[in-house]
Amino acid sequence: MSEPAASADLKRAWHGSPESSVQHEPPQAEPMPKNYLVLSIFSCFCPAYPINIVAFVFSIMALNSYSQGDIEGSRRLGRNALWVAVASIMIGLLIIGIYCVVHFTTCADSFKEFEQIKEA
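Residues numbered from 1 in each chain as written. Predicted model: local features only at pLDDT ≥ 70, side-chain atom pairs only at ≥ 80, totals over all residues. Heavy atoms only, no water.

Caption draft 1: Representation of the overall build of the protein within the structure. Counting secondary structure elements, the protein contains 4 helices and 0 strands. Starting at the N terminus and ending at the C terminus, the protein contains elements arranged as α-α-α-α. Taken over 120 residues, the protein has a buried fraction of 21%. Taking all contacts inside the protein whose residues are at least 6 apart in sequence as the whole, residues at least 24 apart take part in 65%. (Helix = DSSP H or I, 4+ residues; strand = E, 2+ residues; numbered from the N terminus. Buried < 20%, exposed > 50% of the residue type's maximum accessible area, 1.4 Å probe, protein only. Contact = heavy atoms within 4.5 Å.)

Caption draft 2: Summary view of unusual backbone geometry. The phi angle at Tyr 36 is positive, at roughly 55 degrees, despite the residue not being glycine. If you trace the backbone, Tyr 36 turns up in the loop between α1 (2–15) and α2 (37–43). The exposure class of Tyr 36 is partly exposed, given its relative accessible area of 28%.

Caption draft 3: Fine view of a nonpolar patch on the surface. The grouping of Ile 41, Phe 42, Phe 45 and Phe 56 at the surface amounts to a nonpolar patch, some 430 Å² of accessible area in total. Looking at where Phe 56 falls in the secondary structure, it is placed in helix α3 (residues 49–67). For Phe 56, a relative accessible area of 31% gives the class partly exposed. (Patch = residues over 30% accessible without salt bridge, like charges linked within 9 Å, V, L, I, M, F, W, Y side chains within 5 Å. Areas by Shrake-Rupley, 256 points an atom, 1.4 Å probe, with all protein chains shown as cover. Salt bridge = Lys/Arg side-chain N within 4 Å of Asp/Glu carboxyl O.)

Caption draft 4: The arrangement of the pattern of salt bridges in detail. Within the structure shown, the criterion is met by 1 salt bridge. Measuring nitrogen to oxygen at the nearest pair gives 3.4 Å for the salt bridge that ties Glu 72 to Arg 75. Residue Glu 72 and its partner Arg 75 are located together in helix α4 (residues 71–119), separated by 3 residues, close to a single helical turn. The class for Glu 72 is partly exposed, based on a relative accessible area of 47%. Taking relative accessible area as the criterion, Arg 75 reaches 32% and is therefore assigned partly exposed.

Caption draft 5: Looking closely at the environment of Arg 75. Expressed as a C-alpha distance, the spacing of Arg 75 and Lys 34, which sit 41 residues apart in the sequence, is 7.0 Å. Here Arg 75 is in contact with Glu 30 and Pro 33, once residues within four sequence places are set aside.

Caption draft 6: Representation of the side chain of Asn 52 in the model. Mapped onto the elements, Asn 52 comes out in helix α3. Owing to a relative accessible area of 1%, Asn 52 belongs among the buried residues under this scheme. Only 3.0 Å separates the side chain of Asn 52 from the backbone oxygen of Cys 46, close enough to count as a polar contact. Excluding residues within four positions of it along the chain, Asn 52 makes contact with Ser 40, Ser 43, Cys 44, Cys 46 and Ser 88. (Polar contact = N/O pair within 3.5 Å; in protein donor to acceptor, adjacent residues only side chain to side chain.)

Caption draft 7: How the structure looks around α3. If you check α3, its first and last C-alpha atoms are 28 Å apart, about what 19 residues at 1.5 Å a residue would give, namely 27 Å. Taken together, the buried positions of α3 are Asn 52, Ala 55, Ser 59, Ala 62, Ser 65 and Tyr 66. Each buried residue of α3 lies within a common arc of 135 degrees when the element is viewed along its axis, so the set occupies one face. With its phi angle positive at about 95 degrees, Gly 69 sits one or two positions after the end of α3. (Expected span 1.5 Å × (residues − 1). Arc of directions from axis to C-beta.)

Caption draft 8: Geometry of the environment of Thr 105. Looking at the secondary structure, you find Thr 105 in helix α4. For Thr 105, the side chain forms a polar contact with the main-chain oxygen of Val 101, separated by 2.8 Å. There is a polar contact of 3.1 Å between the side chain of Thr 105 and the backbone oxygen of Val 102.

Okay, here's the thing in structure tokens:
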């Protein structure tokens, strides 16, 4: 007698489980907003590491929001990923520029010192 009750409980448990109600494809009512994943990956090569990792996380969160059906959240997170990635690239270029200026001015000074020693 307990057999039918157990199978009925299993059916109810399976029907209400998260695996049975997972949607594998996002709703296609609107096109996918830009998430700027490629730009954020490119910004990871710039030497502004804490900032470019944040851009990468925002773009991944934009992908996840779209897959969950939150189109507006995906747009907002994609926009954030764009701005943070651009800021990361600009800061990285600034760091590279400062490094080059410092490196070549100190190399020029040491070259002048070498020339003076060579002439003496």
